[in-house]
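Geometric and topological summary
Now for the letters of each chain:
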Amino acid sequence: MSAQPPHVLAVDDDPAIRELIADYLTENAVRVTAVANGAEMRRVLQTESVDLVLMDLRLGGEDGMQLARSLRDTSQVPLMIVTGKLDEADRVMGLELAADDYINKPFSSRELLARIRAVLRRYQMARELLPMRDERRRAYRFDGWELNLRSRRLTAPDGRRVELSNGEFNLLQALCAAPQRVLSRDQLLDLSRLHGAEVYDRSIDVQILRLRRKVEENPSEPRYICTERGAGYVFNVPVETLE
């Protein structure tokens, strides 16, 4: 991360929680702006540079899920969601909306800080590996396929829509961003922002297999996503970037 402290925008309608988050993160070299609702969140995003948004999905009088969806549709800022311990449906929906991580209430301040730092490290690695990343990018196109980054849709050469899971989309996006370049499993794991206690190194291989079944004419003899033995994978086709 840069010499400047990272800036976290915390969205929670509980003033006690906002104070707790702000106090603890500030003590640990994180700049915090804490707001109570979506209107205040949008105002901060329009006027300041934010490194991560921490959002409680249970906001009084507002649909936190819709707010998260709107944020993801208009910004690539890292998003971490806060859910109740038993709100599994909210957690799953949040991750499907491409939230980078989640934490359950009640949470420990130390765990919150550790998770925030982990998300920020992943984005820093992405910037170092892919210095040409540009938020103006609208889509990637390769061999007649098109991956729309805003709608998160993959369209085949014949025009049909190919359904991708959140993990598959993130992995394909990472591959398209570094075409014809060997990426290790660790790099792909960070670039695709897979997370959670259940994620292991081999999960990349599983995602690659599933992705090949959706984009390769012959998954057993892939043309696009090729294995570099002992090194990782390479997206072995030119990619056009659309703005």
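So, a few notes on the structure that sits alongside this text. Please read these numbers as outputs of a predicted model, since none were measured by experiment.

1. Let's talk about the sheet that holds strand β9 (residues 145-148)
Judged by pairing direction, the sheet is antiparallel, and its 5 strands sit side by side in the order β11-β10-β9-β8-β14 without closing on themselves. Pairing within the sheet leaves two strands with one partner each, and these edge strands are β11 (161-162) and β14 (240-242). Summarising the sheet, strand β8 (residues 139-142) and β14 pair through 3 bridges and their orientation is antiparallel. Across the sheet, residue R141 finds its bridge partner in β14, namely E240.

2. Re the environment of A174
Note on placement: A174 falls in helix α6 (residues 166-177). C-alpha separation for the pair A174 and L188, spaced 14 residues apart in sequence, amounts to 6.9 Å. Once you skip the residues sitting within four places of it in the chain, A174 turns out to touch L183, L188, L191 and S192.

3. Here's the deal with the nonpolar core
Core analysis: the largest hydrophobic core is formed by 31 residues, its most contacted members being F142, L172, I225 and F235. Secondary structure elements with two or more residues in this core: β8, β9, α6, α7 (185-191), α8 (203-215) and β13 (232-235). In this structure, V8, A10, I21 and L112 belong to the second largest nonpolar core, which totals 20 residues.

Parameters and conventions
- All residue numbers refer to positions counted from 1 along the written sequence of the respective chain.
- Two thresholds apply to this predicted model, a pLDDT of at least 70 for residue-level local features and 80 or more for giving and counting side-chain atom pairs, whereas whole-chain, interface and lining totals are computed over all residues.
- Hydrogens and water molecules were not included; the side-chain quantities draw on all heavy atoms of the structure.
- Between any two strands, pairing holds if DSSP finds at least two bridges.
- Counting from the N terminus, the helices are DSSP H or I runs at least four residues long and the strands are E runs at least two residues long.
- Should any heavy atoms of two residues lie within 4.5 Å, those residues are counted as being in contact.
- Residues enter a nonpolar core if they are buried and are Ala, Val, Leu, Ile, Met, Phe, Trp, Tyr or Cys, with the set joined through side-chain atoms within 4.5 Å.
- Relative accessibility thresholds used throughout: buried, under 20% of the residue-type maximum; exposed, over 50%; partly exposed, between the two (1.4 Å probe, protein chains only).

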